[in-house]
There are 2 protein chains.
Amino acid sequence: MTTRWLTPEEQRAWRAYNAASRLLEDVIDRQLQQEGGMPHLFYMVLANLSEAPDRRLRMTDLAETLKITRSRLTYAVTRLERDGLVRREDCRRDRRSSLAVLTDEGMAVLERTAPGHVETVRSALFDRLTPEQVGQLAEICTGIARGLQDEDPGAGAGDLPWRRRSSCSP
Amino acid sequence: MTTRWLTPEEQRAWRAYNAASRLLEDVIDRQLQQEGGMPHLFYMVLANLSEAPDRRLRMTDLAETLKITRSRLTYAVTRLERDGLVRREDCRRDRRSSLAVLTDEGMAVLERTAPGHVETVRSALFDRLTPEQVGQLAEICTGIARGLQDEDPGAGAGDLPWRRRSSCSP
DNA sequence: CCCCCTTGGTTCAAGTTTGAAACAAACCTA
DNA sequence: TAGGTTTGTTTCAAACTTGAACCAAGGGGG
């Protein structure tokens, strides 16, 4: 079958998206690096932990919500641990698992860093969007994300009992 | 001034965006890596060169359109040059500049790789969007990109004679 | 219980990215 | 036109990412 190339309108969207996403991630990374000494991803690790029950999460679960590989998370947590912002803990239920725990210092850094980060996200993104556009963006992105999530397992249509989720709170 | 935190709707959008952009870039990188032996960025270097007059571009101009640092581009071009897909050429007009030139082999690889790439972009992104959403995405992203472009120079309002653009075709 | 398959994590080497120098050519301007 | 600034590019080390390989521990059948 011959390739279905992108229409001019699709090209316009695709190029704009690539430019915007690169620029956006750059500003955010730079801001967080300067004021928090860590890249965006590491910040998100802290943020996710801070919202988790008891400030701890299984490595695998954390990786899944962040949409990154376990290997990448291992590196991030190791670094954050070295800086004292996160601590590893063994899981009692399943001796294979390990939990990442946000330390008090980690929480402090997060609280100190959050305002500047939010301000950046706001001025770079939301201040330039109308309320309708915020909704449109959310709609578009949840659709894309859901699509890309559920296709990995098998090649065909999803037939799983709608995604299991293991838990491991002590 | 106290922080203007994100509204629930903004949070929803922001989280969805982060998930989607990460997943999207992952699929595309993986596909391109497997079928083309290069990451997305490198493909974009080839693609941009292929559309340039005479298939050549100044490093700085290329970096600017790709929204990446010159340093990053240097690395990419060096690697592509090692693989024979791109060649460097000196600029006659300005002896400081160097041009990246798409070789015939580079063009061939690009043509061989493009269909699979487009198919991935399509199935991951555009097949999940309505025509209106494509327009919305384009609108949103051009707005963001424009905003982030023009704020870098100075801190205040732009006062430049609307962005110069040097050219250097032989 | 033992074997096999799956799951949770880490490790390791190779690849990529970053940001701060370093350099060199071009461009003022006095 | 010498000297200082700007512009175009590369270099380098440190940081981060990737993917494959590895090592446990859990979970069934037999």
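Anything mentioned here points back to the structure above.
Residue indices begin from 1 for each chain and proceed along its sequence in written order. Think of it this way: whatever chain is written first is A, whatever ligand is written first is 1, and the rest follow in order. Per-residue local features of the predicted model are confined to residues with pLDDT of at least 70, and side-chain atom pairs are confined, for both listing and counting, to 80 or more; whole-chain, interface and lining totals are unaffected and use all residues. The side-chain figures draw on all heavy atoms in the structure; neither hydrogens nor water molecules are used.

Engineer: Tell me about the protein's contact with DNA strand D, residues and numbers included.
Structural biologist: The environment of DNA strand D is made up of 22 residues, and the closest members are A:Arg72, B:Thr60, B:Arg70, B:Arg88 and B:Ser98. By convention in this text, a residue qualifies as near a molecule or strand provided that one of its non-hydrogen atoms is within 4 Å of it. The sugar-phosphate backbone supplies 71% of the atoms of DNA strand D found within 4 Å of the protein. What qualifies as a polar contact is a pair of N or O atoms within 3.5 Å, subject to a donor-acceptor requirement within protein and to the restriction that residues adjacent in sequence count only when both atoms come from side chains. Take A:Ser71: an N or O atom from its side chain is 2.8 Å from a base oxygen of DNA strand D. Contact distances for DNA strand D include 3.4 Å between a phosphate oxygen and a side-chain N or O atom of B:Arg58. In this description a helix means any DSSP run of H or I spanning at least four residues, a strand means any run of E spanning at least two, and both kinds are numbered starting from the N terminus. Among the elements of the structure, α2 (40-51) and α4 (70-82) of chain A together with α3 (59-66) and α4 (70-82) of chain B are those that each provide at least two residues to the surface near DNA strand D. Sort the elements by how many residues they give to the surface near DNA strand D and α4(A) lands first, with four residues. The residue classification treats Ala, Val, Leu, Ile, Met, Phe, Trp, Tyr, Cys and Pro as nonpolar and Asp, Glu, Lys and Arg as charged. All others, Gly included, are polar. Per-class residue counts for the surface near DNA strand D are five nonpolar, seven polar and ten charged.

Engineer: Can you explain the relation of the copies chain A and chain B? Please cite residues and give values.
Structural biologist: The two chain copies are connected by a rotation around an axis plus a translation along it. Overlaying chain A on chain B yields an RMSD of 0.0 Å, the required transformation being a rotation through 180° with an accompanying axial translation of 0.0 Å. The relationship between the two copies is best expressed as a two-fold rotation axis. Both copies share a contact surface, since 100% of the interface residues of chain A are interface residues in chain B too. Least-squares superposition of the copies uses the C-alpha atoms of those residues scoring a pLDDT of at least 70 in each of them. Contacts are assigned to residue pairs that have any heavy atoms within 4.5 Å of one another.

Engineer: Run through the interface of chain A and chain B, naming residues and quoting values.
Structural biologist: Frequently, the measure chosen for interface size is the accessible area removed from exposure when the parts meet. Contacts between chain A and chain B engage 61 residues on the former and 61 residues on the latter. Put simply, a salt bridge is a Lys or Arg side-chain nitrogen that is within 4 Å of an Asp or Glu carboxyl oxygen. Our count for the contact surface shared by chain A and chain B stands at eight salt bridges. Counting every contact that joins chain A to chain B gives 13 residue pairs in polar contact (both at pLDDT 80 or more). Ranked by residues supplied to the side of chain A that touches chain B, first place goes to helix α1 (residues 8-36) of chain A with 18 residues. Here the side of chain A that touches chain B is composed, by residue class, of 32 nonpolar, 13 polar and 16 charged.

Engineer: So, the nonpolar core: which residues are in play, and what are the values?
Structural biologist: In terms of nonpolar packing, the biggest core is built from 106 residues, with A:Trp14, A:Phe126, B:Trp14 and B:Phe126 touching the most fellow members. In contact with A:Trp14, not counting residues within four places along its chain, are A:Leu6, B:Leu24, B:Ile28, B:His40, B:His117, B:Val121, B:Leu125 and B:Phe126. In this description, a nonpolar core means a group of buried Ala, Val, Leu, Ile, Met, Phe, Trp, Tyr and Cys residues linked to one another through side-chain atoms lying within 4.5 Å. Each residue gets one of three labels from its accessible area relative to the maximum for its type: buried under 20%, exposed over 50%, partly exposed in between, using a 1.4 Å probe on protein chains only.

Engineer: Tell me about the protein's contact with DNA strand C, and name the residues and values.
Structural biologist: Among the 21 residues in the neighbourhood of DNA strand C, the closest are listed as A:Thr60, A:Thr74, A:Arg88, A:Arg96 and B:Ser71. By atom count, sugar and phosphate contribute 69% of the portion of DNA strand C lying within 4 Å of the protein. Between DNA strand C and A:Ser97, the relevant distance is 3.4 Å, taken from a sugar or linking oxygen to a side-chain nitrogen or oxygen of the residue. For the surface near DNA strand C, the secondary-structure elements that each account for two or more residues are α3 (59-66) and α4 of chain A together with α2 (40-51) and α4 of chain B. Looking at which element gives the most residues to the surface near DNA strand C, the answer is α4(B), with four residues. Split by residue class, the surface near DNA strand C holds five nonpolar, seven polar and nine charged.

Engineer: An account of α2(B) is requested, with residue identities and associated values reported.
Structural biologist: All names here are of chain B. To estimate the expected span of a helix, count its residues, drop one, and scale the result by 1.5 Å. The terminal C-alpha atoms of α2, which comprises twelve residues, lie 17 Å apart, in line with the 16 Å expected from a rise of 1.5 Å per residue. With nine of twelve residues buried, α2 lies mostly within the body of the structure. Three or more residues of α2 are buried, namely His-40, Leu-41, Phe-42, Tyr-43, Met-44, Val-45, Leu-46, Ala-47 and Leu-49.

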